[in-house]
Amino acid sequence: MSPTSYQLLHPAISNNSLKPKRTYFFYSVWGVQIYTNFVSAIQIIYFILENNHKAGFVNIIGNPNAGKSTLMNALLGEKLSIVTPKAQTTRHRIMGILNGDDYQIVYSDTPGVLDPKYKLHEGMMKTVGTALIDADLIMLVVDASDKAPLHKATLEKIQKTEVPVFVVLNKFDLVGNDGSNAVFEVYKELLPNARIFPVSALEKIYVKELLAEIIAILPASPPYFPKDELSDRTQRFFVAEIVREKIFMNYDREIPYSCEVMVEEYIDEPEIARIRVLIITERESQKRILIGHQGGSLKRVGTQARKDMESFVGKKVFLQMFVKVDENWRNDLGRLKSFGYWES
Ligand SMILES: Nc1nc2c(ncn2[C@@H]2O[C@H](COP(=O)(O)OP(=O)(O)OP(=O)(O)O)[C@@H](O)[C@H]2O)c(=O)[nH]1
Ligand SMILES: [Mg+2]
């Protein structure tokens, strides 16, 4: 409390020490009354708002390629997470925050669940493990068009959890009512306490209805983040993700999985962002494929990435890209920590 406000709240003390004239004393008492009434009014308004305010963590879990990132983006109304037709696109837990007047939903997009082959995968699965625990609502996304069963260990964890579960049968556009009903029966048996919703994240079918159900289940709570925040991740992070998305789209087989992307320099000028990106890959042969004949392949990736970056940062982007070989980075704990894949 500042000395000024202390004096305002305790006029007798301040008046004694200041030896005020009588007129000043009355003026000061009225001032105090107005001030305290104002403070109480603010406190009451805040209390009402706080008690009508809902907020919570909605963690999106599921097999690779089920459409988790597409669903988070659809629920946010904003493309935050990268999306590709290839499995294991998402490698980090990415929070996307949706703010309404009286609610805040903190979604977490997570990597698709799998049995780890590399230390990188272990790190990714650790974040999924945390997301299964620290949720107010677990949203299990299932590709209704895919017959593959849900990752067994993950299913067992969800069966035991006390956290409310929504099963989202995604890709409704591909399977229609009949296909969706068949998968509904499977999950009704596996997770009898869960609520099950068919949606198409891509075609935005039943997404609004799902959002209304999420808001309905949120606990009463003040917001966790400032109401103008959209994510816990930085612009640098999303810029690197855009490059990774283009690598996933432009190369096949091992290449996308053997690459990591780092933003080495990000200079934000009023009219232009100057960005230098380093692509790390595991072998010389992969580096040659990435660069392509006369640099053509890397140029294509750069052009696509720059366009997306420009709409993301809302200004021109000058993009430079370099490729470096770093053998075995996917199994090197030190490297994984530096890339943010391993929390100790
Ligand atoms: N037809 C159809 N395709 C969808 C739908 N939702 C997602 N997809 C497609 O499914 C593919 C995978 O989508 P993602 O959102 O990247 O899936 P993910 O679960 O985040 O995948 P990982 O990050 O690899 O675990 C992409 O090609 C999407 O366009 C949908 O509702 N209908
Ligand atoms: Mg994803």
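Because the structure is predicted, anything quoted here is derived from the model rather than measured. (Residues numbered from 1 in each chain as written. Chains lettered and ligands numbered in written order. Predicted model: local features only at pLDDT ≥ 70, side-chain atom pairs only at ≥ 80, totals over all residues.)

Undergrad: Got a sec to walk through the overall build of the chain? Specific residues and values, please.
TA: In terms of regular secondary structure, the chain is built from 13 helices and nine strands. Taking all 344 residues of the chain together, the buried fraction comes to 34%. (Helix = DSSP H or I, 4+ residues; strand = E, 2+ residues; numbered from the N terminus. Buried ≥ 20, exposed ≤ 12 C-beta atoms within 10 Å, placed from the backbone.)

Undergrad: Now, about helix α9 (residues 235-250): what can you tell me, with residues and values included?
TA: Its 16 residues place the ends of α9 23 Å apart at the C-alpha level, agreeing with the 22 Å of an ideal helix rising 1.5 Å per residue. Of the positions making up α9, those classed as buried are Phe238, Val239, Ala240, Glu241, Ile242, Val243, Arg244, Glu245, Lys246, Ile247 and Phe248. (Expected span 1.5 Å × (residues − 1).)

Undergrad: Can you lay out the site of ligand 1 for me, pointing to particular residues and giving the numbers?
TA: Residues in contact with ligand 1 amount to 25 residues; listed here are only the nearest, Gly67, Ser69, Thr90, Gly112 and Leu202. Among the elements of the structure, α4 (68-76) and α7 (172-190) are those that each provide at least two residues to the shell around ligand 1. Among the elements that line the shell around ligand 1, the one with the most residues is α4, at three residues. (Near = placed C-beta within 6 Å.)

Undergrad: Please provide a residue-by-residue account of the nonpolar core, values included.
TA: Ranked by internal contacts, the top residues of the largest apolar core, which has 50 residues, are Val58, Met139, Leu140, Val142, Val167 and Val168. The element best represented in this core is strand β4 (residues 137-143), accounting for six residues. For Val142, the contacting residues outside a window of four places in its chain are Gly62, Ala66, Leu150, Val167, Val168, Leu169, Asn170, Val183 and Tyr187. (Core = buried A, V, L, I, M, F, W, Y, C linked by C-beta atoms within 7 Å. Contact = placed C-beta atoms within 7 Å.)

Undergrad: Account for the sheet that holds strand β8 (residues 272-281), naming residues and giving values.
TA: With respect to topology, three strands assemble into an open sheet ordered β7-β8-β9, the strand pairing being mixed. Looking at strand neighbours, the two that pair on one side only are β7 (260-268) and β9 (316-325), the edges of this open sheet. Within this sheet the neighbouring strands show an average axis-to-axis angle of 20 degrees, counted without direction. With ten bridges joining them, β8 and β9 adopt parallel strand pairing. (Pairing = 2+ DSSP bridges. Axes fitted to C-alpha atoms, helices over the stretch in contact; angles between N-to-C directions.)

Undergrad: Outline the sheet that holds β4, supporting the account with residue identities and numerical values.
TA: Taken together, the six strands give an open sheet; going across it, the order is β2-β3-β1-β4-β5-β6, and neighbouring strands pair in mixed fashion. Of all the strands in the sheet, just β2 (94-99) and β6 (195-198) have a single pairing partner and so form its edges. Averaged over all pairs of adjacent strands, the angle between their axes in this sheet comes to 25 degrees, without regard to strand direction. Of the strand pairs in this sheet, β2 and strand β3 (residues 103-109) are connected by six bridges, and their pairing is antiparallel. Looking at the pairing, Gly96 lines up with Tyr107 of β3. Of the strands in this sheet, β1 (54-62), β3 and β4 are in contact with helix α5 (residues 119-133), which crosses β1 at around 140 degrees.

Undergrad: Outline the pairing of β7, listing residues and values.
TA: Pairing between β7 and β8: eight bridges, direction antiparallel. Across the sheet, Asp268 pairs through a bridge with Ala273, a residue of β8.

Any functional reading would require information that these geometric values do not contain.
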